[in-house]
Every structure is written in structure tokens, then in C-alpha cells.
Amino acid sequence: MALMDKHKQVKRQRLDRICEGIRPPILNGPMHPRPLVALLDGRDCTVEMPILKDVATVAFCDAQSTQEIHEKVLNEAVAALLYHTITLSRDDLEKFKGLRVIVRIGSGFDNVDTKAAAELGIAVCNVPAASVEETADTSLCLILNLYRRVTWMHQALREGTRASSVEQIREVAGGAARIRGETLGIIGLGRVGQAVALRAKAFGFGVIFYDPYLPDGVERSLGLQRMATLQDLLIHSDCVSLHCSLNEHNHHLINDFTIKQMRQGAFLVNTSRGGLVDEKALAQALKEGRIRGAALDVHETEPFSFSTGPLKDAPNLICTPHTSWYSEQASVEAREEAAREVRRAITGRIPDSLKNCVNKEYLMAASQWPSMEAATVHPELNGATYRFPPGLINVAAAAAGGLPGAGGGVESLVSGTLAHGIAPVSHPPHAPSPKAEADRDIPSDQ
């Protein structure tokens, strides 16, 4: 018996050395309790729960910033789900003590500092496919609306305008244009960009695109024309549609300078990211008629309001509230896939088991991910079986309620320390960002 105890002590010391710098000392309690998963900026976990309920405790925070997130989540959450309404900068990420994976319910991830997350040992994932059709359909709807001016005709009728004579019709429908033969320029030919291109061709558009990250030959497989530079695309397009991700290199891609390179009277559509367009420059171009009309589903400041900002008195403008991604089917699919990604993180290896890890290269290069021989990896680090710890309520399954001061936050969490089987990280000092491929942010879709 004494020999067995000594053997266990030696194994425990060896494990502690392996885990040094990767996770804090293992807390007292069950060896493999359920980890805590938090939905940061929502309050409905009904879709996620069936997928995660046997391996995790799920809580919602309904927060718009990390200041509104309860301390228990900041201290104990090992996985976070989020939409686009909350931003996680380096300072925000450092508030989480044991976070290992963030999954964006959607494709865009510019609201998370992915490089800082990697340096802190946090994998960032997205769901790139769920809303491709919805975003593409909305983009084409906005394009057609600009050409056929349906919104303005509807508004004129609502205001009592009569259109009985040819002259009155001509006045109400002034500016409506034929589509066939027009050139649509797509910036960013990812999933959504390709879907828009295929739809636009059916309406008679000639389609050109600019995307420096795509390999040669894609244009031939889709029957499109590729432009070598952004300037070439702007010069040759009657309508420009944006379908690229937002990063440090393309902020205000459409600005006063690039607008002047566009054809006089061109249209502009953006269903990608608000920061791609300098709204002050766009407003001025609309007032001067350099741009004939614009349709924006995304804005620099969200939620958007016509009463404030540079676009408040801009003419010939259609704005929608960042809803191009939405349909009931797409919403459920995105949430289900996000939950499955969290499950893969809990039951597998990070980042190897993750399907859509967007910062994997940075993560693998970060100092807190030393290589380990497979034989030396303790089962507690990855792929463990989780038991429900005594005294902790299954949060999402409990009745709605909140902890004091949580602002509608964590649902019925009880006091006590939670030990995680997913191997929380003790965040090390900041490591420098890896240089290889560091500045190559491949465009992703909405």
C-alpha cells in the first residue's frame, strides 16, 4: 500500500512539472468536473444546451462589455460563445483567468483580438458557413434596390405622392436603371462574394472581382474577370460590393481617395464590416453625387441610428441594422455549430480538435504551447470525462434569475470554487506576436 502511495506521489510530481506554465495548480474537488461555458452577449442557451449539457455547465451573461460580466464567469469560464455585439481586446481577455477557447457565433471575428488571444493561450474559432446564403441574398437585394429604387418609390407612396401620369411616374421612378450590361465589382471573393457573383450573373451583371489572396484560376472556374489591383476594380465597376473581413490593413478601404477612383455615379453596397467604409467621406460623396446611391447593412458605430453620425442627412442611402446574416435557419445552424466547436474543445485537444480555429498559427507559435510527447499528456488536460461537481447547479437548465450585480447575468450560479477538467491557462507575460504570416489576414465573409 505504501509503495502504491509513493508511486502516485511520483506521478503527481511529474504531472505538475508537465503542466507548469500551462495551468494553475489543480484545485481540490472532483478530478474531472464540468467546465463552465459562458454565452457573453446573449441570454438564450436553448439551442446550445442539448449539445453541451452532458459535458459542461452553460451560463449566459447578456453583456455588452466585460465590465458587465460576473466575476464568477471571469474567474472560472473556460469557453466563451459570443455574437458581434461585444468586443474583446487584450485588456478584456486578460480579465478571464481560465479561458481556453472563444467561439464567435458567425463568421466575422474582428471583435476579438486574435493575436492577443493566442499569446494568452486562447483559441479563437468562428462559424463561417451558416449565413452565406442569407448574406448573399441580402447583398443582391440591396443592389437591386439601388438600381430599381424600390425603397424610394414605396416611401413616396407612403408620403401621398400620386403616380398616375407618365410624367408623374417618371418623376417618382427617376434614377431607376437597367441592370443588364452593368458591371458589378466584388471586393473579397470568399464564400459570400462567390455566392453574390453567381446570383448577379443570373440578373445580367458582368462580374469582376479583386482578391489578392485567392490562387490563380478561381476566376476561370467561376466565369468571372479578375482585377489585378483595387484601383482597376473601382475604375471599371458600376456598382461595388464589399465582402472582405476587417483588419488593420483595410480599415476605411473606401475613403475619399478611393471614392474618387470610382466611376462617377457608381453604387456602393456593404454587408461585410462597417469599418471598411469611411462614413464621413461616403456622406460627402452622396451629397455631391459622386456616388449615386449606397446601401449599408453594417456601420462604423453599432447599433446604428440615423439621428447621429455623418450619415444622418445623406441622400440616396439605404441602411439596415446588421441583419443580412439572419434567418431563423441560419441562426440555429450557427449556434449549433458554435456549440459543437466548444464541445470539440472540451472533449478533444486544443487546437488540433478544433474545426475552425482562426488563430491556430499564432497559437502554435506562442510560448505557452510547448510540444509534449503524446504518452506524457495526462488525461486531465484533454479528452477527459466530466462529472457534475457537488453543490453546483446546471446553470442554463435552472430557472431564470441572476446573481446580484450581474445585470441579468449568470443564471443561478451558486457559490463555491469550480475545478475545470479542460486545463485552464495561467496567462503568461505577453509573448511577441509571431512574425511568420503575421500580417496575412485572409479575407473572410460576413
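Keep in mind that this is a model prediction, so the values were computed, not measured. (Residues numbered from 1 in each chain as written. Predicted model: local features only at pLDDT ≥ 70, side-chain atom pairs only at ≥ 80, totals over all residues. Heavy atoms only, no water.)

## As for the environment of Pro 35
- Positionally, Pro 35 belongs in the loop between α1 (2-19) and β1 (36-39).
- The spatial distance from the C-alpha of Pro 35 to the C-alpha of Ala 79 is 8.1 Å, given a sequence separation of 44 residues. (Helix = DSSP H or I, 4+ residues; strand = E, 2+ residues; numbered from the N terminus.)

## Observations concerning the pairing of strand β6 (residues 183-187)
- Among the 5 residues in β6, 5 count as buried, and that is most of the element.
- Of the pairings in the sheet, the one linking β6 to strand β7 (residues 206-210) comprises 5 bridges and is parallel in character. Bridge pairing in β7 places Ile 187 opposite Tyr 210.
- The β-α-β motif built from β6, the intervening helix α9 (residues 191-202) and the parallel element β7 has right-handed crossover chirality. (Buried < 20%, exposed > 50% of the residue type's maximum accessible area, 1.4 Å probe, protein only. Pairing = 2+ DSSP bridges. Right-handed = clockwise from strand over helix to strand, strands pointing away.)

## Some details on the sheet that holds strand β11 (residues 291-296)
- Spatial ordering of the open sheet is given by β8-β7-β6-β9-β10-β11-β12, a layout of 7 strands whose pairing is parallel. Strand pairing shows two members of the sheet lacking a second neighbour, β8 (225-226) and β12 (317-319), which therefore form its edges.
- Bridge count between strand β10 (residues 266-270) and β11: 5 bridges; the pairing is parallel. Bridge pairing in β11 links Ala 266 to Ile 291.
- Running over the sheet, helix α6 (residues 132-148) touches β6, β9 (239-242), β10, β11 and β12 and is turned about 155° from β10. (Contact = heavy atoms within 4.5 Å. Axes fitted to C-alpha atoms, helices over the stretch in contact; angles between N-to-C directions.)

## Examining helix α14 (residues 328-347)
- The end-to-end C-alpha distance of α14 is 29 Å, a good match for the 28 Å that 20 residues give at a rise of 1.5 Å each.
- Among all positions of α14, only Ala 330, Ser 331, Ala 334, Arg 335, Glu 337, Ala 338, Ala 339, Glu 341, Val 342, Ala 345 and Ile 346 are buried.
- Contact partners of the buried residues in α14: β1, α2 (49-52), β3 (77-82), β4 (101-104), β5 (123-125) and α6. (Expected span 1.5 Å × (residues − 1).)

## Concerning the pairing of β11
- Extensive coverage of β11 is indicated by the burial of 5 of its 6 residues.
- Read from β10 through helix α13 (residues 279-288) to β11, the crossover connection turns out right-handed.

## Things to note about the packing of aromatic side chains
- Applying the stated criterion across every chain yields a total of 4 aromatic pairs.
- Between Tyr 147 and Phe 205, the aromatic rings sit 5.5 Å apart at their centres with planes inclined by 75°, giving edge-to-face as the arrangement. Taken as a pair, Tyr 147 in helix α6 and Phe 205 in the loop between α9 and β7 lie far apart in primary sequence, 58 residues in all.
- Classification of Tyr 147 as buried rests on a relative accessible area of 0%.
- Where Tyr 147 meets Phe 267, the ring centres are 4.8 Å apart and the plane angle is 65°; that geometry is what we call edge-to-face. In this pair, Tyr 147 sits in helix α6 while Phe 267 sits in strand β10, placing the two residues 120 residues apart along the sequence.
- When its relative accessible area of 2% is taken as the criterion, Phe 267 is described as buried.
- Here the aromatic residues Tyr 147, Phe 205 and Phe 267 are joined through ring pairs into a cluster of three or more. (Phe/Tyr/Trp six-rings, centres within 6.5 Å; stacked < 30°, edge-to-face > 60°.)

## Let's talk about the sheet that holds β4
- Read across the open sheet, the 5 strands follow the order β2-β1-β3-β4-β5; overall the sheet is parallel. The open sheet terminates on both sides in strands that have one partner only, identified here as β2 (57-60) and β5. Taking each pair of neighbouring strands and ignoring which way they run, the sheet shows an average axis angle of 20°.
- Both β3 and β4 contribute to a ladder of 4 bridges, which runs parallel. Note that in β4 the partner of Leu 81 across the bridge is Val 103.

## Side note on the side chain of Asn 111
- In this fold, Asn 111 is placed in the loop between β4 and α5 (114-119).
- At 3.0 Å, the side chain of Asn 111 forms a polar contact with the backbone oxygen of Tyr 83.
- Once you skip the residues sitting within four places of it in the chain, Asn 111 turns out to touch Leu 82, Tyr 83, His 84, Ile 86, Thr 87, Leu 88 and Arg 104. (Polar contact = N/O pair within 3.5 Å; in protein donor to acceptor, adjacent residues only side chain to side chain.)

## Some points on the confidence of the model for the protein chain
- For the protein chain, the average pLDDT comes to 82, and 75% of its residues sit at 70 or higher.
- A low-confidence stretch, residues 369-421 stays under pLDDT 50, and its non-local contacts, those more than four residues away or across chains, total 132 contacts. (pLDDT = per-residue confidence, 0-100.)

## Overview of the packing of α6 against helix α7 (residues 150-158)
- Closest axis-to-axis distance for the α6/α7 pair is 6 Å, and the angle between their directions is 60°. Comparing the axis directions of α6 and α7 gives the class oblique. Mapping the contact onto sequence places Asn 145, Leu 146 and Arg 148 in α6 and Val 150, Thr 151, Trp 152 and Met 153 in α7.
- Of the residues in the contact of α6 with α7, the class split is 4 nonpolar, 2 polar and 1 charged. (Parallel < 35°, antiparallel > 145°, perpendicular 65-115°, else oblique. Nonpolar A, V, L, I, M, F, W, Y, C, P; charged D, E, K, R; others polar.)

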